[in-house]
Structure formats: C-alpha cells, structure tokens
Amino acid sequence: MSRVGRIERVTKETSVLVEIDLDGTGKTDIKTGVGFYDHMLDQLGRHGLFDLTVKTEGDLHIDSHHTIEDTALALGAAFKQALGDKVGIYRFGNCTVPLDESLAQVTVDLSGRPYLVHTEPEKMAPMIGEYDTTMTRHILESFVAQAQIALHVHVPYGRNAHHIVECQFKALARALRYASERDPRAAGILPSTKGAL
C-alpha cells in the first residue's frame, strides 16, 4: 500500500507543489528560492528516508516569509495525506541530534491533534543567508497545524545559528521517520485506545 501525499497550494502570494513518499529512500528535489530552507528540507527528506519533492514560486521580491510559510503548510498537509489511516504505525518517535556545539531533542506523536512546544537558544543571529531564523518556529507551527501532530522541539544549547536550526530539522526527520514507520508487531492495529487518530 503506497503512502504518498501530493498537495498543490496556489495563492496570490505563492504557488507550491509538495510530493512525499513516506516509504522512500531519501531522494529529494527541492526548490523554494530560499537556499538555506532548501538545505533544511533536503535534510528532512534524507534523514527521514522520505522521497520529497518541493517546488515553490513565491513573492521573494517582498521577502521570504510567504514562501517559507506556504511551503510548510503544504508539507504538513502532504505528510498527513501520506499517513492515511495510520493503522500499524508506531505513532510515537523521538530523536536527539548533536551538530558540533548544538543539540536538538525532538519528540513527536502522530496524534491527530496539533500542538507545538518549541524552545531554542535566545539571541541567535537573525539571518542565515536569506533565511530569517525566527521562521524556524513558524515553519514548525505551520507544519504541525496541517499535519495534525503533537511536536516537541527543544534545543538546550548551541552557538552557531546554522547548527541550531539544522540539528532541529535532522532530529525532526528522524523522529517523524520512526513514528510513521510500520510496526511489524502491530499490523492492522490502530495505535490508539480511543479507536481514532
């Protein structure tokens, strides 16, 4: 059974296409026009072993906000679509990833209920290339809202802004991978005592 999501989102500000295969090999094709964001989405695909295509055209002549936000919304919707009925998955996943002096701890519950807890070091550099570092939280908020998952992301320490953001995406990728994988001991079972996720 294929677990693929495909979302096209078109507004006056952006045109976004996202395709994701949860059972892929980590093959990515990413183009948003925001170089560092492309790098982060590539990390998400490669470390999650998701085949991921993202094609976004946005109003970058204004700034990168709409492009980044709308891509995250489409990515969350595509992830939810690919999960399908969630029967037989692990549901929960966590991963801790170091990147030199930085550390990210990510825990996820594919619960059907959107909730985000996010902490990272204060006084980070405001920009990484054309990427506004305050957008990391907003990316996660947008993804969670559409994917309908509970996500806790904690970066207890770090100095370099690139490292602080990148370790979050790597840990997120792994946590999502572990949570969405099929549990061979729970084939045909929905991982919820409520009977719904």
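Up top is the structure.
Residues numbered from 1 in each chain as written. Predicted model: local features only at pLDDT ≥ 70, side-chain atom pairs only at ≥ 80, totals over all residues. Heavy atoms only, no water.

A.B. asks: Run through the overall build of the protein, naming residues and quoting values.
C.D. replies: Helix and strand content of the protein: 4 helices and 10 strands. Dimensions of the protein, computed from C-alpha atoms along their principal axes, come out at roughly 50 × 40 × 30 Å. Taken over 197 residues, the protein has a buried fraction of 54%. Contacts in the protein between residues far apart in sequence, at least 24 positions, make up 77% of those at least 6 positions apart. Here the protein has roughly 9400 Å² of accessible surface; of this, 50% comes from carbon and sulfur atoms. For the protein, the distance from the average position of its 21 positive side-chain charges to the average position of its 26 negative side-chain charges is 7 Å. (Helix = DSSP H or I, 4+ residues; strand = E, 2+ residues; numbered from the N terminus. Buried < 20%, exposed > 50% of the residue type's maximum accessible area, 1.4 Å probe, protein only. Contact = heavy atoms within 4.5 Å. Areas by Shrake-Rupley, 256 points an atom, 1.4 Å probe, with all protein chains shown as cover. Lys, Arg positive; Asp, Glu negative; His and termini not counted. Charge placed at Lys NZ, Arg CZ, Asp CG, Glu CD.)

A.B. asks: Break down the sheet that holds strand 2 (residues 14-21) for me, with residues and values.
C.D. replies: Read across the open sheet, the 4 strands follow the order 1-2-4-3; overall the sheet is mixed. In this open sheet, the two strands that pair with only one neighbour each are strand 1 (4-10) and strand 3 (28-31). Within this sheet the neighbouring strands show an average axis-to-axis angle of 5°, counted without direction. Pairing of strand 3 with strand 4 (residues 51-58) involves 4 bridges; the strand directions are parallel. Within strand 4, the residue paired with Ile-30 across the bridge is Val-54. (Pairing = 2+ DSSP bridges. Axes fitted to C-alpha atoms, helices over the stretch in contact; angles between N-to-C directions.)

A.B. asks: Before we move on, could you go through the environment of Leu-44 and cite the residues and values that matter?
C.D. replies: With respect to the element layout, Leu-44 can be found in helix 1 (residues 35-48). Taking the C-alpha atoms as reference points, Leu-44 and Tyr-157, 113 residues apart in sequence, are found 21 Å from one another.

A.B. asks: Requested: an account of the sheet that holds strand 5 (residues 92-99), with residues and values cited.
C.D. replies: The sheet built from 4 strands is open, its strands ordered 5-6-10-7 with mixed pairing. In this open sheet, the two edge strands, each paired with only one partner strand, are strand 5 and strand 7 (115-119). Looking at each pair of strands side by side, their axes are set apart by 10° on average, direction ignored. The pairing of strand 6 (residues 102-109) with strand 10 (residues 150-157) spans 6 bridges and is antiparallel. What sits directly across from Gln-105, in strand 10, is His-154. Its contacts with the sheet put helix 3 (residues 135-147) on strand 7 and strand 10, and the angle it makes with strand 7 is roughly 165°. The strands that helix 4 (residues 161-180) touches are strand 5, strand 6, strand 7 and strand 10; relative to strand 5, the one it contacts most, it runs at about 150°.

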